[in-house]
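Here's the letter readout for the chains.
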Amino acid sequence: MVARDLRIVLTFSPEDQSWLRQSSVVVPDFFSGHDIAPAAGDALRIGGRQFVVQARVWEHDGLKPVLRLLMGSGHAASDTVFG
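Since this is a predicted model, take the numbers as computed values, not measurements.

**Q** Which residues make up the pattern of salt bridges, and what values go with them?
**A** In this structure the tally under the stated criterion is three salt bridges. Among the salt bridges present, the one from R7 reaches D61, with a minimum N-O distance of 3.7 Å. Of this pair, R7 sits in strand β1 (residues 7–11) while D61 sits in the loop between β3 (49–60) and β4 (65–73); the two residues are 54 residues apart in sequence, bridging distant segments of the chain. In this structure, R68 and E59 form a salt bridge, with 3.3 Å as the shortest nitrogen-oxygen distance.

Okay, here's the thing in structure tokens:
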């Protein structure tokens, strides 16, 4: 199965969800058209911050497979905010 046959859902911690809302960050559809599904340990840059795929949860919504990615903050030194 290729990634384009999946619905991939990013799931963030409550704190990160709050940051995304407050910052009005739009999470792009990173995996649209890709043939390879993301793996645990992969890092994504969203709104200038880095997030790491902590775990993958396979589900089925009754129509097709769903890959839920549990995202964790992967703060890099460049993500530090002063002030």
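**Q** Pulling in residues and values, what's your account of the sheet that holds β3?
**A** Taken together, the four strands give an open sheet; going across it, the order is β1-β4-β3-β2, and neighbouring strands pair in mixed fashion. Each of the sheet's edge strands pairs with one partner strand only, and the pair in question is β1 and β2 (43–46). Across the sheet, the mean angle separating the axes of adjacent strands is 40° when strand polarity is ignored. Strand direction decides the pairing type here: β3 and β4, joined by nine bridges, are antiparallel. Of the residues in β4, the one forming a bridge with V52 is G72. Where helix α1 (residues 14–22) meets the sheet, it contacts β2, β3 and β4, and its direction lies at approximately 115° from that of β3.

Parameters and conventions
- Residues numbered from 1 in each chain as written.
- Predicted model: local features only at pLDDT ≥ 70, side-chain atom pairs only at ≥ 80, totals over all residues.
- Heavy atoms only, no water.
- Salt bridge = Lys/Arg side-chain N within 4 Å of Asp/Glu carboxyl O.
- Helix = DSSP H or I, 4+ residues; strand = E, 2+ residues; numbered from the N terminus.
- Pairing = 2+ DSSP bridges.
- Axes fitted to C-alpha atoms, helices over the stretch in contact; angles between N-to-C directions.
- Contact = heavy atoms within 4.5 Å.

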